[in-house]
Amino acid sequence: MEQFTGRVWVLGDDIDTDIIIPTEYLAMKTIDDMKQYGFSPLRPELAAQIREGDIIVAGKNFGCGSSREQAPEVIKALGIRCILAKSFARIFFRNSINNGLLLIEQPDLYDDMKEGDTITVTVNQDVDYQGKTYPIASLPENLVEIINAGGLVRAMRRRNGLDQD
Amino acid sequence: MGMTIAEKIIARAAGVDTVKAGDIHTVNLDRMMSNDGTTHLTVDMYHNKLNHPHIADTKKMVFIVDHNVPADNPKTAASQKKMRDFAREHNIDFWEGKGVCHQIMMEHYVCPGELIFGADSHTCTYGALGAFGTGVGCTDLLYGMVTGTSWVLVPETIKCNLTGRLPEGVYPRDLMLTIIGTIGANGANYQVMEFCGEGAKTLSVNDRMVLCNLSVEVGAKTAIFEADEIALEYLKARGREPKAVFRSDADASYVKEYTFDLSEIQPVAAKPDFVDAVVPAKEVCGVHIDEAFLGSCNNGRIDELRVGAAIVKGRKVSDHVRFLVVPASQEVYLQALEEGLIATFMESGAIVMNPNCSVCWGSCQGVIGENEVLISTGTRNFKGRAGHPSSKVYLGSAATVAASAVKGEICTADML
């Protein structure tokens, strides 16, 4: 079972895609250009502090709003390993899976979580936070296939025999 | 077990007899729409990530430039050129500057019974004609364009019974904002809102678009009305035929039911920075504003322009307010010209703009600066949505926006 440990950033309820990447930066040429502005309306200092392998824990309705796919791409480019939230908005959910960004619903962790602490995630099983275990559901198989391939386009290529493992 | 309208549309698109909520199906898409928000990304992926790219059916594709039109800087000009060139090369229907994408789709494409993906969150608007329209990202759009198919998780349906009739001076936008305030910003997450009941019969296709369009603001996958005689008349007037007219079965399964009495709805406003922070408009009266916006895929049609023009007629926009009026399409614009509404707006001091998304998406036109306040008929009031992160957006009806533009502070039309 895939397992990883990471430092946590805690964000609130209703983190919308305009907060994740504001409209004014969408015209930039690459996601790497944009990523420094990730979450800037809410926490301008955050993007520079995120390190590879960090985890976001948030409240309800993460990713609501615009369908801009740059939102999960920016989060992934910042190095975020996965997002655990009480719930996700559906377009953001699809876009994240399609870009190989792991999202996990967990109803209780957010209420207990303190920013800066670390958690250990065992995919399709549970989260461990300071010895307390928080169960998580298994993702449907078709979504796991997409995430593991690194996104929908690569999953499609792999399925069609264009990419070899 | 019977099926809802949404389930019947998915079953038809999946080529199966029945579906139920929670099933995952591969579906044939009837149509796909993409705008200049992300089409350049889809085109890049098409060229750079696929070995033998092709388009399953170019006749199903529609590309619309509406977010930054005309282009406001060299970067958006380059993105749009990429989109324009691709559309020409592949013989894809291409619209530029003719209107906001969802308005164009409703005027020219959407038919009852269709399953439509759009790379824009407000694609849910198409339920006003009994179609299943839903927003996706550019990767889903690419997959649909190349394969003609996609996967859908069949959503649960929420039944929204509408009773009564809206009072004078109260609009579908007040109704939908009230519904959003009642059920919350994720109150329908991944679900379908089905609007029905006698109250639905009092609403035109325009009115229904206002309701369906904002359903994504409660997280809904889409919202839908039965394609009744009102919808079919709209369709016929535009020379189109329905794909299929579905009604929900009497024994269809609903996850939840709400009833909204239209006669009890009052003018409301959504306060910054959340769409569900909805209060009676009277509660925010007196808030100083710097800009007012009448337009968007939610509220920029002829009905709303008539309402706004009637309020500013013979009055002047406050000298500290920029009042932006943006018809949702050229068809709407021409109609407004013919009715003298554009002259009325201009005489009042409003700035009338070309059809586009304008300040509703915080780019191109009318962006607001540090600590400025906007009252808007747009779709969202998120933090920084209309410009500077410290700026504030209130959402209200066309009547409230126009009245506020005159007064220079938020007020309802009856307070002028």
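Here, every reference points to the structure presented above.
Residues numbered from 1 in each chain as written. Chains lettered and ligands numbered in written order. Predicted model: local features only at pLDDT ≥ 70, side-chain atom pairs only at ≥ 80, totals over all residues. Heavy atoms only, no water.

Trainee: Can you walk me through the sheet that holds strand 1 (residues 3–10) of chain A in this structure?
Mentor: Across a sheet, strands are paired by hydrogen bonds formed along the backbone, either parallel or antiparallel in direction. All names here are of chain A. A sheet is described by the order of its strands in space; here seven strands give the open sequence 4-3-2-1-5-6-7, paired in mixed fashion. Bordering the open sheet on either side are strand 4 (102–105) and strand 7 (132–135), each of which pairs with just one other strand. Neighbour-to-neighbour, the strand axes of the sheet open up by a mean angle of 30°, direction not taken into account. Bridge count between strand 5 (residues 118–122) and strand 6 (residues 126–129): three bridges; the pairing is antiparallel. Note on strand 6: the bridge partner recorded for Val121 is Val127. (Pairing = 2+ DSSP bridges. Helix = DSSP H or I, 4+ residues; strand = E, 2+ residues; numbered from the N terminus. Axes fitted to C-alpha atoms, helices over the stretch in contact; angles between N-to-C directions.)

Trainee: Whenever I open this one, the sheet that holds strand 11 (residues 256–261) of chain B confuses me. Can you help?
Mentor: Residues and elements named next belong to chain B. Spatially, four strands are ordered 10-9-8-11 in an open sheet, and the strand pairing comes out parallel. The open sheet has two edge strands, strand 10 (222–225) and strand 11, and neither has a second partner. In this sheet, neighbouring strand axes are inclined to one another by 20° on average, regardless of whether the strands run parallel or antiparallel. Alignment of strand 9 (residues 192–196) against strand 10, held across four bridges, turns out to be parallel. Residue pairing across strands places Phe195 opposite Phe225, the latter belonging to strand 10. Sheet contacts for helix 7 (residues 205–213): strand 8 (157–163), strand 9 and strand 10; angle to strand 10, the most-contacted strand, approximately 155°. (Contact = heavy atoms within 4.5 Å.)

Trainee: What exactly am I supposed to notice about the layout of surface pockets here?
Mentor: Space left empty within the atom packing is revealed by a probe, the size of a water molecule, rolled over the atoms. For the largest pocket, the calculated volume is near 620 Å³. In terms of lining residues, the largest pocket is bounded by 29 residues, among which Lys29(A), Ile31(A), His40(B), Leu41(B) and Asp44(B) are the most central. Mapped onto the lining of the largest pocket, the elements with two or more residues apiece are helix 2 (31–34), helix 4 (70–77) and helix 8 (152–159) of chain A together with helix 2 (39–48), helix 3 (74–90) and helix 5 (138–147) of chain B. If one sorts the elements of the lining of the largest pocket by residue count, helix 2 of chain B sits on top with five residues. By volume, the second largest pocket is sized at about 400 Å³. If you trace the second largest pocket, you find 20 residues lining it, with Phe93(A), Glu105(A), Leu139(A), Pro140(A) and Leu143(A) closest to the centre. For the lining of the second largest pocket, the elements supplying multiple residues, two or more each, are helix 5 (90–98) and strand 4 of chain A together with strand 7 (149–153) of chain B. Here the element with the most residues in the lining of the second largest pocket is strand 4 of chain A; it accounts for four residues. The residue makeup of the lining of the second largest pocket, split by class, is 15 nonpolar, three polar and two charged. (1 Å grid on protein atoms, 1.4 Å probe; cavity = no way out; pocket = protein on both sides within 12 Å on 5 of 7 lines; lining within 4 Å. Points joined across faces, edges and corners; volume = space filled by probe spheres on them. Nonpolar A, V, L, I, M, F, W, Y, C, P; charged D, E, K, R; others polar.)

Trainee: Is there a simple way to explain the interface of chain A and chain B in this structure?
Mentor: How big an interface is tends to be reported as the loss of accessible area on association of its parts. Each side of the interface is counted separately: chain A has 38 residues, and chain B has 44 residues. Both faces combined, the contact of chain A with chain B buries some 3,400 Å², and carbon together with sulfur accounts for 57% of it. In this assembly, chain A and chain B are joined by two salt bridges. In this assembly, chain A and chain B are joined by 17 residue pairs in polar contact (both at pLDDT 80 or more). Those elements giving two or more residues to the side of chain A that touches chain B turn out to be helix 4, helix 5, helix 7 (141–149) and helix 8 of chain A. Taken together, the residues of the side of chain A that touches chain B break down into 16 nonpolar, 11 polar and 11 charged. (Buried area = accessible area lost by both parts, 1.4 Å probe. Salt bridge = Lys/Arg side-chain N within 4 Å of Asp/Glu carboxyl O. Polar contact = N/O pair within 3.5 Å; in protein donor to acceptor, adjacent residues only side chain to side chain.)

Trainee: I would appreciate a short explanation of helix 4 of chain A in the present structure.
Mentor: What sets the pattern is the α-helix's 3.6 residues per turn: residues three or four places apart point alike. Listed as buried for helix 4 of chain A are Gln70(A), Ala71(A), Pro72(A), Val74(A) and Ile75(A). On its buried side, helix 4 of chain A packs onto helix 1 (17–20), helix 2, strand 2 (55–58), strand 3 (82–85) and helix 5 of chain A together with helix 2 of chain B. In the stretch just after helix 4 of chain A, Gly79(A) is the one whose phi turns positive, near 105°. (Buried < 20%, exposed > 50% of the residue type's maximum accessible area, 1.4 Å probe, protein only.)

Trainee: I tried to follow the nonpolar core on my own but got confused; where do I start?
Mentor: Across soluble globular proteins, nonpolar side chains show a tendency to be buried alongside one another. Membership of the largest hydrophobic core comes to 106 residues, with the highest contact counts inside it found for Phe39(A), Phe62(A), Ile75(A), Ile83(A), Leu84(A), Ile119(A) and Val121(A). Looking at which element gives the most residues to this core, the answer is helix 1 (residues 5–14) of chain B, with seven residues. Discounting chain neighbours no more than four positions away, the residues touching Ile75(A) are Ile20(A), Phe39(A), Ile56(A), Phe62(A), Ile80(A), Ile83(A), Phe92(A) and Leu101(A). (Core = buried A, V, L, I, M, F, W, Y, C linked by side-chain atoms within 4.5 Å.)

Trainee: Explain the environment of Pro107(A) to me, please; I cannot follow it from the model alone.
Mentor: As for its position among the elements, Pro107(A) is in the loop between strand 4 and helix 6 (109–112). Pro107(A) sits 48 residues away from Gly59(A) along the chain, and the two C-alpha atoms are 8.3 Å apart.

Trainee: Quick question: what am I supposed to make of empty space enclosed by the protein here?
Mentor: Residue and element names in this part refer to chain B. Counted according to the given criterion, the structure contains five cavities of 30 Å³ or more. Space inside the largest cavity adds up to approximately 270 Å³. When contributions to the lining of the largest cavity are tallied by element, the ones reaching two or more residues are helix 4 (101–108) and helix 9 (296–299). Estimates place the volume of the second largest cavity at around 70 Å³. Within the lining of the second largest cavity, the residues separate by chemical class into five nonpolar, five polar and one charged.

Trainee: Looking at this structure, how should I read the packing of helix 6 (residues 172–183) of chain B against helix 7 of chain B?
Mentor: Axis angle and axis distance: for two packed helices, these are the angle between their axes and the distance between the axes, and together they describe the pair. Residue and element names in this part refer to chain B. Close contact between helix 6 and helix 7 brings their axes to 9 Å; oriented N to C, the two are set at 25°. Relative to helix 7, helix 6 is oriented roughly parallel. In this structure, helix 6 meets helix 7 at a crossing whose hand is right-handed. Of the residues in helix 7, those touching helix 6 at Pro172, Arg173, Leu175 and Met176 are Asp207, Val210 and Leu211. A breakdown of the residues in the contact of helix 6 with helix 7 according to their chemical character gives five nonpolar, no polar and two charged. (Parallel < 35°, antiparallel > 145°, perpendicular 65-115°, else oblique. Left-handed = near helix turned anticlockwise from the far one by under 90°.)

Trainee: Just checking my understanding: could you explain the packing of aromatic side chains for this structure?
Mentor: Two measures describe an aromatic ring pair: the distance that separates the ring centres and the angle between the ring planes. Counting across every chain of the model gives 10 aromatic pairs over all chains. Look at Phe195(B) and Phe225(B): their rings are 5.1 Å apart centre to centre, the planes differ by 25°, and that puts the pair in the stacked class. Here Phe195(B) is found in strand 9, whereas its partner Phe225(B) is found in strand 10, with 30 residues between them in sequence. Taking the relative accessible area as the measure of exposure, Phe225(B) reaches 1% and is therefore buried. In this structure an aromatic cluster arises from ring pairing among Phe62(A), Phe88(A), Phe92(A) and Phe93(A). One residue, Arg81(A), lies across the ring of Phe4(A), its end atom 4.0 Å from the ring centre. (Phe/Tyr/Trp six-rings, centres within 6.5 Å; stacked < 30°, edge-to-face > 60°. Lys NZ or Arg CZ within 6 Å of the ring centre and 35° of its normal.)

Trainee: In this structure, what is going on with the pairing of strand 10 of chain B? I would like to understand it.
Mentor: The side chains of a regular strand alternate, first on one face of the sheet and then on the other. Side chains Thr222(B) and Ile224(B) project from strand 10 of chain B onto one buried face, and the interleaved Ala223(B) and Phe225(B) project onto a second face that is buried too. Crossover handedness for the path strand 9 of chain B to helix 7 of chain B to strand 10 of chain B: right-handed. (Right-handed = clockwise from strand over helix to strand, strands pointing away.)

Trainee: Mind showing me how you'd approach the pairing of strand 3 of chain A here?
Mentor: Residue and element names in this part refer to chain A. Burial along strand 3 is two-sided: Cys82 and Leu84 facing one way and Ile83 and Ala85 facing the other are all buried. As defined by bridge partners, strand 2 adjoins strand 3 across four bridges and the pair is classed as parallel. Bridged to Val57 within strand 3 is Leu84. Taking the sense of rotation as the criterion, the β-α-β connection linking strand 2, helix 4 and strand 3 turns out right-handed.

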